[in-house]
Amino acid sequence: MYVEIAKEASVSTGIVYRYFEDKKDIFIASLDLYSSTFYDTLFVELRTLTVPINISVFLEKIIDTFVERHNVSKFAHEEMLAMSHSDPDVAKYFYESEENVTERICDLLPALGLDIINAHEKIHIITNIIENYCHEVVYHKHPYMNYAIMKTIVIEAIEKILYCY
């Protein structure tokens, strides 16, 4: 495996051994890269928003971007999720990543003029709703579902969650 990775990266096998202890270490590093490319778009979009925010337009753009990212890396995403259920280290990585994303979003909200009560809880729920919608569109593809309508419902639900309590 190290040989294939080194060959693909155009580096020597020794370099791979130097930076990674084992296959899991490589997998965690790939999770880090995947996660950062997945969420960097969100943080760039959040930082470039101007007040007042059209939250519906913003959410639609983010949802579309996340669906696109899921489509680009369908197999990798499925493998990573499967590993998160079977490997404690990978599960810990996902848990910590989820906490980090929630915290980073919550930190950006005040600068956007959004004073959200119970922000951590709401952002956690919202990110899971968006993730679930992406999985539905990319993986499940129920023939009886109208995903345009579902996306509208998701956006409306997120707006209600943000401003309740």
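Please refer to the structure higher up on the page.
Rules used throughout
- Residues numbered from 1 in each chain as written.
- Predicted model: local features only at pLDDT ≥ 70, side-chain atom pairs only at ≥ 80, totals over all residues.
- Heavy atoms only, no water.
- Salt bridge = Lys/Arg side-chain N within 4 Å of Asp/Glu carboxyl O.
- Helix = DSSP H or I, 4+ residues; strand = E, 2+ residues; numbered from the N terminus.
- Buried < 20%, exposed > 50% of the residue type's maximum accessible area, 1.4 Å probe, protein only.
- 1 Å grid on protein atoms, 1.4 Å probe; cavity = no way out; pocket = protein on both sides within 12 Å on 5 of 7 lines; lining within 4 Å.
- Points joined across faces, edges and corners; volume = space filled by probe spheres on them.
- Nonpolar A, V, L, I, M, F, W, Y, C, P; charged D, E, K, R; others polar.
- Expected span 1.5 Å × (residues − 1).
- Arc of directions from axis to C-beta.
- Contact = heavy atoms within 4.5 Å.
- Polar contact = N/O pair within 3.5 Å; in protein donor to acceptor, adjacent residues only side chain to side chain.
- Axes fitted to C-alpha atoms, helices over the stretch in contact; angles between N-to-C directions.
- Parallel < 35°, antiparallel > 145°, perpendicular 65-115°, else oblique.
- Left-handed = near helix turned anticlockwise from the far one by under 90°.

A. Structural view of the pattern of salt bridges. In this structure the tally under the stated criterion is 6 salt bridges. Residue lysine 24 pairs with aspartate 87 through a salt bridge whose shortest N-O separation is 3.0 Å. Here the residue lysine 24 occupies a position in helix H3 (residues 23-48), and aspartate 87 occupies one in the loop between helix H5 (74-86) and helix H6 (88-108), the gap between them amounting to 63 residues. Taking relative accessible area as the criterion, lysine 24 reaches 29% and is therefore assigned partly exposed. A residue is classified by how much of its surface remains accessible, and aspartate 87, at 13% relative accessible area, is buried. Lysine 61 serves as the salt-bridge partner of glutamate 45, at 3.1 Å between the closest nitrogen and oxygen. Linking glutamate 45 in helix H3 with lysine 61 in helix H4 (residues 55-72), this pair joins segments that are 16 residues apart in sequence. When its relative accessible area of 17% is taken as the criterion, glutamate 45 is described as buried. Overall, the relative accessible area of 44% leaves lysine 61 in the partly exposed class. When salt bridges that share partners are traced, they join Lys24, Asp87 and Asp89 into one network.

B. Focus on empty space enclosed by the protein. Counted according to the given criterion, the structure contains 1 cavity of 30 Å³ or more. If you add up the space inside the largest cavity, you get close to 270 Å³. Lining the largest cavity are 20 residues, and of these Leu42, Phe58, Leu59, Ile105 and Ile126 lie nearest its centre. Among the residues making up the lining of the largest cavity, the classes are represented as 18 nonpolar, 1 polar and 1 charged.

C. Broad picture of helix H7 (residues 119-140). The end-to-end C-alpha distance of H7, which contains 22 residues, comes to 30 Å, matching closely the 32 Å that a straight helix rising 1.5 Å per residue would cover. Just beyond H7, the residue with positive phi is lysine 141, at close to 45°.

D. A look at helix H8 (residues 147-163). End to end, H8 covers 24 Å across 17 residues, agreeing with the expected 24 Å (1.5 Å per residue, within 8%). Taken as a whole, H8 has its buried residues at Tyr147, Met150, Lys151, Val154, Ile155, Ile158, Ile161 and Leu162. For H8, the buried positions fall inside an angular range of 140° around the axis, keeping them on one side. Structural note: H8 exposes Ala148, Ile153, Lys160 and Tyr163 on the side pointing more than 90 degrees away from its buried face. On its buried side, H8 packs onto H4 and H7. Where H8 begins, one side-chain oxygen reaches toward the backbone nitrogen of alanine 148, 3.1 Å away; that side chain belongs to asparagine 146. Note on H8: the residue one or two positions beyond its end, tyrosine 165, has a positive phi of about 60°.

E. Main features of the packing of H3 against H5. Close contact between H3 and H5 brings their axes to 12 Å; oriented N to C, the two are set at 125°. Here H3 lies oblique to H5, going by the angle between them. H3 and H5 meet at a crossing whose hand is left-handed. When H3 is examined against H5, the residues Phe27, Ser30, Leu31 and Tyr34 are found in contact with a partner set consisting of His77, Glu79, Met80 and Met83. A breakdown of the residues in the contact of H3 with H5 according to their chemical character gives 5 nonpolar, 2 polar and 1 charged.

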